[in-house]
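Residue-level structural notes
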Amino acid sequence: MKSFVSILVGCMMLASCCKKINSTTSGTGDPAATPVSLLGDHSFEAGLYLKGDVSGAPSVGEVLYPFGKKSNKPTWQLAEWASKYLLHQSDLVEKDGVKLYENAGKLVSFEREDNTTRIRMDVKASAEYDHPRKSGEGWPHLLIEQEFAEKPFLKNMDQLLLNFEGRLVECVSKMPAGSFDTGLHTAQFQLFITLQNLNPQSPSYGELVWFGVPFYDYRSRQQEVYAAKDIGKDDATGMFIYSIATTDFIQGSFHDGNWIKIGKDLKPLMVKAFDIAKERGYLKGAYIDDIRISGMNLGWEVPGTFDAGFEFKGFDLKYIR
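Notes on the structure in this doc start here. (Residues numbered from 1 in each chain as written. Predicted model: local features only at pLDDT ≥ 70, side-chain atom pairs only at ≥ 80, totals over all residues. Heavy atoms only, no water.)

**Some thoughts on the overall build of the protein**
- In terms of helices and strands, the protein carries 3 helices and 17 strands.
- Each of the 321 residues in the protein was classed as buried or not, and the buried ones make up 51%.
- Here the analysis covers contacts within the protein between residues at least 6 apart in sequence; of these, 74% occur between residues at least 24 apart.
- Per element, the accessible surface of the protein, about 14000 Å² overall, is 49% carbon and sulfur. (Helix = DSSP H or I, 4+ residues; strand = E, 2+ residues; numbered from the N terminus. Buried < 20%, exposed > 50% of the residue type's maximum accessible area, 1.4 Å probe, protein only. Contact = heavy atoms within 4.5 Å. Areas by Shrake-Rupley, 256 points an atom, 1.4 Å probe, with all protein chains shown as cover.)

**Considering the packing of aromatic side chains**
- The full count for this structure, using the stated rule, is 23 aromatic pairs.
- Ring centres of F180 and Y218 lie 5.9 Å apart, and the angle between their planes is 85 degrees; on these two criteria the pair is classed as edge-to-face. Taken together, the residues F180 in the loop between strand 10 (159-173) and strand 11 (188-197) and Y218 in the loop between strand 12 (208-217) and strand 13 (226-229) connect sequence positions 38 residues apart.
- The exposure class assigned to F180 is partly exposed, which follows from its relative accessible area of 36%.
- Arranged with centres 6.0 Å apart and planes meeting at 80 degrees, the rings of Y216 and W300 form a pair that is edge-to-face. Taken together, the residues Y216 in strand 12 and W300 in strand 16 (residues 291-301) connect sequence positions 84 residues apart.
- When its relative accessible area of 0% is taken as the criterion, W300 is described as buried.
- Ring pairs connect the aromatic residues F164, F189, F215, Y216, F249, F254, W300, F310, F312 and F315, which therefore count as one cluster.
- One Lys or Arg, R112, reaches over the ring of F67 and ends 3.8 Å from the middle of that ring.
- When the ring centre of F153 is taken as origin, the NZ or CZ atom of K155, which lies over that ring, is 5.2 Å away. (Phe/Tyr/Trp six-rings, centres within 6.5 Å; stacked < 30°, edge-to-face > 60°. Lys NZ or Arg CZ within 6 Å of the ring centre and 35° of its normal.)

**Digging into the pattern of salt bridges**
- The final tally for this structure, using the stated rule, is 17 salt bridges.
- Of the charged contacts, one joins R118 and E311 as a salt bridge, the two residues approaching to 3.8 Å between their closest N and O atoms. With a gap of 193 residues between them, R118 in strand 8 (residues 116-124) and E311 in strand 17 (residues 306-320) connect regions that are remote in the sequence.
- Looking at E311, the relative accessible area reads 9%, which means it is buried.
- In this structure, a network of salt bridges that share partners links the residues E111, E113, R118, R167, E311 and K313. (Salt bridge = Lys/Arg side-chain N within 4 Å of Asp/Glu carboxyl O.)

**Remarks on empty space enclosed by the protein**
- Applying the stated criterion across every chain, the model contains 1 cavity of 30 Å³ or more.
- Space inside the largest cavity adds up to approximately 30 Å³.
- Taken together, P214, F215, R221, Q222, T246, F249, I250, G252, S253 and F254 make up the lining of the largest cavity.
- Here the lining of the largest cavity is composed, by residue class, of 5 nonpolar, 4 polar and 1 charged. (1 Å grid on protein atoms, 1.4 Å probe; cavity = no way out; pocket = protein on both sides within 12 Å on 5 of 7 lines; lining within 4 Å. Points joined across faces, edges and corners; volume = space filled by probe spheres on them. Nonpolar A, V, L, I, M, F, W, Y, C, P; charged D, E, K, R; others polar.)

If you want it as structure tokens, here you go:
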């Protein structure tokens, strides 16, 4: 889960220089009550930088342009940590309006739908693994990421609103008989938002909490709260993970394969995550006033031999001052 931490730390000194971003009028006439989106390029119009298969390494420099090359730089990044099969712009195929990238191990597609873009992300882990994953071994990721241009203080938010509509396309076990271990093997589609201490005077400056929203986990229809150190592979960050329970934000389960629409204020759960991190010895010397919302990633982590796909649309993170 090292994903974009190195970029965030390198850009911390810019955190106080917030850029203007698009907002959506709430109709109240009160600017303070106008939801402001943290995300840039909701339609993926400018494409996605490819980050390669090694977490923390420099970007490979290639860009996916599903809707053609543009003059403005991509806001999105695509990470494929620990993957054998990396996507390339040359993989692009268009069929019935769908912009599709596919190889032996991955599939990513983009389709414009009304005023939004529908995204599909598949990992074909049966092609990625030569044997059932063992403890300490890496696992394939397929993640879209952003570092936020504006990194607002959590304390200054009245609400942080998650909007999301998605469905599980499939998740098929390809584990050999008798090899499945619930402690080692699964397929997870999830959102992580970074709650980061960006106070340069703080002793834990740069440290963060990985705040998780678990949309899908093969092992269970419902997930309980998960709160622990980020470990399990060589490039783990060692930061605190707080992943909320599915009952905190959703009715039903993505296991059923139906489209589910989510609208949830995450701020109270983020404050709780910060408090628990402090109780467990993380973010030493930090106060809630030091915490900013600095970035996110969304997608698959597949530490088991599963062929899995998920599609979504209408994804946004908006805050009300």
